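Secondary and tertiary structure notes
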Amino acid sequence: MTRRAATQARVSALTLLAFTFAATLILALSFIATRERIAANENAARAALIAQTLPAGSFDNDLVADTVPLTGTEAAALGLAPGAVAHVARKEGVLVARVFEVETGRGYGGRIRLLVGVTADGRVSGVRVVAHKETPGLGDYIDRAKSNWADQLAGRGMETRWRVKKDGGDIDSVSGATISARAVTGAVGQAVGVADQLAARLKEQK
């Protein structure tokens, strides 16, 4: 190979290397930008879901970022793994409510996941079922998208007997689909209890 040919080969190799590097860089930057957009969209969707358990206009903070850690005992009471958190709603820096994720395996069709908002004075502000496998047209009435059954849980607190009336409690259920209501009612009652424990624990830490 002549010197000129060798030089051309090196130039071609360096050019190819530069193009490869540039293409890799573009792909990497595109991936990062896409990942950030996806994360932002996921956070926005999560925040919107959490907000459904709170009165409109009742908070002005970032519900996804503003959290308080739960103890292992508190998390277990909600059917969650260690490391779980409660989301905090504030208005002009003042605590308005806390929103808890709850999971119960007592549904007719299996596990049910919920979000439960509990106000600073210990009252349920809202309940949203976010995942379930209850029977369509029967047990799925626990879902706010299917019926307003869960509305009766709002405004209740520690004084409530968190059982369906069939079991001696205070909560109505639909005949023939009591299991679904029983599972959600018990889960919401657990959230109210954990909210009370958490409030007391944080007060002691001040």
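Residues numbered from 1 in each chain as written. Predicted model: local features only at pLDDT ≥ 70, side-chain atom pairs only at ≥ 80, totals over all residues. Heavy atoms only, no water.

Labelled according to an unreviewed UniProt entry, the protein appears under the name Ion-translocating oxidoreductase complex subunit G, originating from Crenobacter caeni. The record held by UniProt for the protein lists under Sequence similarities (unreviewed entry) the comment "Belongs to the RnfG family." (UniProt positions renumbered as here; feature names shortened; annotations may be inferred.)

On to the overall build of the protein. Within the protein, the secondary structure is distributed over 3 helices and 5 strands. Along the chain direction, N to C, the helices and strands of the protein fall in the order α-β-α-β-β-β-β-α. For the protein, the proportion of its 206 residues judged to be buried stands at 35%. Taking the intrachain contacts of the protein between residues at least 6 apart in sequence as the baseline, contacts between residues at least 24 apart amount to 49%. (Helix = DSSP H or I, 4+ residues; strand = E, 2+ residues; numbered from the N terminus. Buried < 20%, exposed > 50% of the residue type's maximum accessible area, 1.4 Å probe, protein only. Contact = heavy atoms within 4.5 Å.)

When the UniProt feature table is mapped onto this chain, "modified residue: FMN phosphoryl threonine" (unreviewed entry) is found at Thr178. Mapped onto the elements, Thr178 comes out in helix H3 (residues 178-205). Note on Thr178: relative accessible area 11%, which makes it buried. Residues contacting Thr178, with those up to four places away along its chain left out, are Val164, Lys166 and Ser173.

Before going further, it helps to spend a moment on the packing of aromatic side chains. This structure, assessed with the given rule, holds 1 aromatic pair. Centre to centre, the rings of Tyr141 and Trp149 are 5.7 Å apart; their planes meet at 85°, and the pair counts as edge-to-face. Among the residues examined, Tyr141 registers a relative accessible area of 8% and is labelled buried. (Phe/Tyr/Trp six-rings, centres within 6.5 Å; stacked < 30°, edge-to-face > 60°.)

So, about the sheet that holds strand E5 (residues 124-131). Taken together, 5 strands build an open sheet; the order of strands is E1-E2-E3-E4-E5 and the sheet is antiparallel. With partners counted over all chains shown, the strands left at the sheet margins are strand E1 (67-69) and E5, one partner each. Taking the axes of each pair of neighbouring strands and ignoring which way they run, one obtains an average angle of 25° across the sheet. In terms of strand pairing, strand E4 (residues 110-119) meets E5 through 6 bridges, oriented antiparallel. Bridge pairing in E5 places Leu114 opposite Val129. Across the face of the sheet, H3 comes into contact with E1, strand E2 (85-91), strand E3 (94-107), E4 and E5 while running at roughly 140° to E3. (Pairing = 2+ DSSP bridges. Axes fitted to C-alpha atoms, helices over the stretch in contact; angles between N-to-C directions.)

Should the charged atoms of two oppositely charged side chains come close, the side chains can pair. Tallied over the entire structure, the rule returns 9 salt bridges. Across the pair Asp151 and Arg144 runs a salt bridge whose closest N-O atoms are separated by 2.9 Å. For Asp151, a relative accessible area of 37% puts it in the partly exposed group. Among the ionic pairs, Lys165 bridges to Asp172, the shortest N-O distance being 2.8 Å. (Salt bridge = Lys/Arg side-chain N within 4 Å of Asp/Glu carboxyl O.)

If a strand is regular, its side chains alternate between the two faces of the sheet. In the sheet, E3 pairs with E4 via 9 bridges, with the strands oriented antiparallel. Considered in E4, the bridge of Glu101 is made with Leu115. As consecutive antiparallel partners, E3 and E4 are separated by 2 residues. Count of turn residues in the E4/E5 antiparallel hairpin: 4 residues, of which Gly122 carries a positive phi of about 85°.

Moving on to the side chain of Ser125. Turning to its location among the elements, Ser125 is positioned in strand E5. A polar side-chain atom of Ser125 sits 2.7 Å from the main-chain carbonyl oxygen of Thr53. (Polar contact = N/O pair within 3.5 Å; in protein donor to acceptor, adjacent residues only side chain to side chain.)

Let's shift gears to the nonpolar core. The biggest cluster of nonpolar side chains holds 36 residues, and the ones touching the most others in it are Phe100, Leu114, Trp149, Leu153, Val184 and Val188. Elements that contribute at least two residues to this core include exactly E2, E3, E4, E5 and H3. With 11 residues, H3 is the single largest residue contributor to this core. When sequence neighbours within four positions are dropped, the list of residues in contact with Trp149 reads Tyr141, Ile142, Ile171, Asp172, Ser173, Ala181, Val184 and Thr185. One finds Leu63, Ala89, Ala97 and Val99 within the second-largest nonpolar core, a separate group that totals 7 residues. (Core = buried A, V, L, I, M, F, W, Y, C linked by side-chain atoms within 4.5 Å.)

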